[in-house]
Amino acid sequence: MKKNIFIFLNNELTSLDTIIPFLIELKAVNPQLNINFFAFNKKTMNTIESNFFLYGITNELGNLSRFGSASLDSYPILRRLVVVLSLIKLIMQGLFQKNVYIHFKGLEAFPFNLLYFTNKKNCYLFEANPWGHANALSRAYNINADRPLDYEYHPIMRACSTLVSYSNNWPQLKSAKLAGKNIYYIEPPRSRKEWLDYCKRKSQEYLASQTWLQEKIKTKKMILYLFGTTGPIVTLDNSTNGRELFLKTLEHLKKIENAFIIIKPHPNADLKELAELIKQAEMDNIEISLMHPSVLANYCSFSI
């Protein structure tokens, strides 16, 4: 029986970045798997398509599409009808082929939860954070929002028979255990050996196409800087922000002799503002790259 895997992505890039290392391993073991990625809105599709590395991998592994139809946004009633028909198609297909559904919360609401109710044993909920839930970070958010330190609000996810987690700290596990759900613990996706080996191979391919990078790594001390936000940072006090810390960090990096810095911005970062900050720092030994940090790390001595 043909096996189909359908991935229902969240409306952020993180869920795709999280599931891809797992799927690479799965596809290597079973090349005949038919993998389909679904995005729920146009913005998510555009974000994925603009990320050349992750978009390229989705095409290697399977197909990416907008659930329902991407051409009916101006006709909401017709689009809803197409979504319902697409759900019916998946349900009917599951009667003759083995459909496996993987989601991060996308199948919780009606009518998408019909996929769970018609195929319970093959519906999986994956933790969306690729490093696992961090209790310390949750407490920092609580302090920032003036909430009790141990406050936790996580809607209970029910549309799954099995949960896949990267730590014991995921709040969903408590309710899942009470409900008798299956739970699997796996190594965080971005630290898995197969993923790191894959990124190393991709780094060699990328290097072959980047003349500027070939020259730099021969003569420079390479540093990878992961740039996030210029706004407030919840894990720090309100006396500082991302912008101030970035400029202070660049001042320190100026002191490193013969250094070259590759800056990988977060997908939501303001690239125009980033360029202005680099100009303000008056540094000419910096290059902004949109390549995945797991690839760029192969050229660098350390990361910030």
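This text goes with the structure placed above it.
Read on for a plain summary of the structure. (Residues numbered from 1 in each chain as written. Predicted model: local features only at pLDDT ≥ 70, side-chain atom pairs only at ≥ 80, totals over all residues. Heavy atoms only, no water.)

## Section: the nonpolar core
Working step 1: Ranked by size, the top nonpolar core spans 41 residues in total, and within it Ile-7 and Phe-37 carry the most contacts.
Working step 2: Among the elements that make up this core, the one with the highest residue count is helix H1 (residues 13-29) (6 residues).
Working step 3: Each residue touching Phe-37, except ones within four places of it in the same chain, is listed here: Ile-7, Leu-9, Leu-16, Ile-19, Leu-23, Thr-58, Leu-61, Asn-63, Leu-64 and Ser-65.
Working step 4: Ile-223, Ile-261, Ile-263 and Met-283 belong to the second-largest nonpolar core, a separate cluster that totals 17 residues. (Core = buried A, V, L, I, M, F, W, Y, C linked by side-chain atoms within 4.5 Å. Buried < 20%, exposed > 50% of the residue type's maximum accessible area, 1.4 Å probe, protein only. Helix = DSSP H or I, 4+ residues; strand = E, 2+ residues; numbered from the N terminus. Contact = heavy atoms within 4.5 Å.)

## Some words on the environment of Thr-118
Working step 1: Secondary-structure assignment places Thr-118 in the loop between helix H5 (113-117) and strand E5 (123-126).
Working step 2: Distance from Thr-118 to Leu-95, taken between C-alpha atoms, is 9.5 Å for residues 23 residues apart in sequence.

## What about the sheet that holds strand E1 (residues 3-8)?
Working step 1: The strand order across the open sheet built from 7 strands is E3-E2-E1-E4-E5-E6-E7, with neighbouring strands paired in parallel fashion. Edge strands, defined here as strands with exactly one partner in the open sheet, are strand E3 (62-66) and strand E7 (182-185). Here the strands of the sheet are splayed against their neighbours by 20° on average, with no regard to which way each runs.
Working step 2: Where strand E4 (residues 98-103) and E5 come together, 3 bridges link them in parallel fashion. Looking across to E5, one finds that His-103 is bridged to Leu-125. (Pairing = 2+ DSSP bridges. Axes fitted to C-alpha atoms, helices over the stretch in contact; angles between N-to-C directions.)

## A few points about the sheet that holds strand E8 (residues 221-227)
Working step 1: Across the sheet, 4 strands lie side by side as E10-E9-E8-E11; this open sheet has parallel pairing. Only two strands of the sheet have a single neighbouring strand rather than two, namely strand E10 (286-288) and strand E11 (302-303).
Working step 2: Contacting E8, strand E9 (259-265) and E10, helix H10 (residues 242-253) crosses the sheet at an angle of about 175° to E8.

## A look at H10
Working step 1: In this model, H10 (12 residues) spans 16 Å end to end at C-alpha, consistent with the 16 Å of a helix rising 1.5 Å per residue.
Working step 2: Where H10 is concerned, the buried positions are Gly-242, Phe-246, Leu-247, Leu-250 and Leu-253. Viewed along the axis of H10, the buried residues span an arc of 130°, placing them on a single side of the element.
Working step 3: By the N-cap criterion, in which a side-chain oxygen at the helix start approaches the backbone nitrogen of a residue two or three places on, H10 is capped by Asn-241, the distance to Arg-243 being 3.1 Å. (Expected span 1.5 Å × (residues − 1). Arc of directions from axis to C-beta. Polar contact = N/O pair within 3.5 Å; in protein donor to acceptor, adjacent residues only side chain to side chain.)

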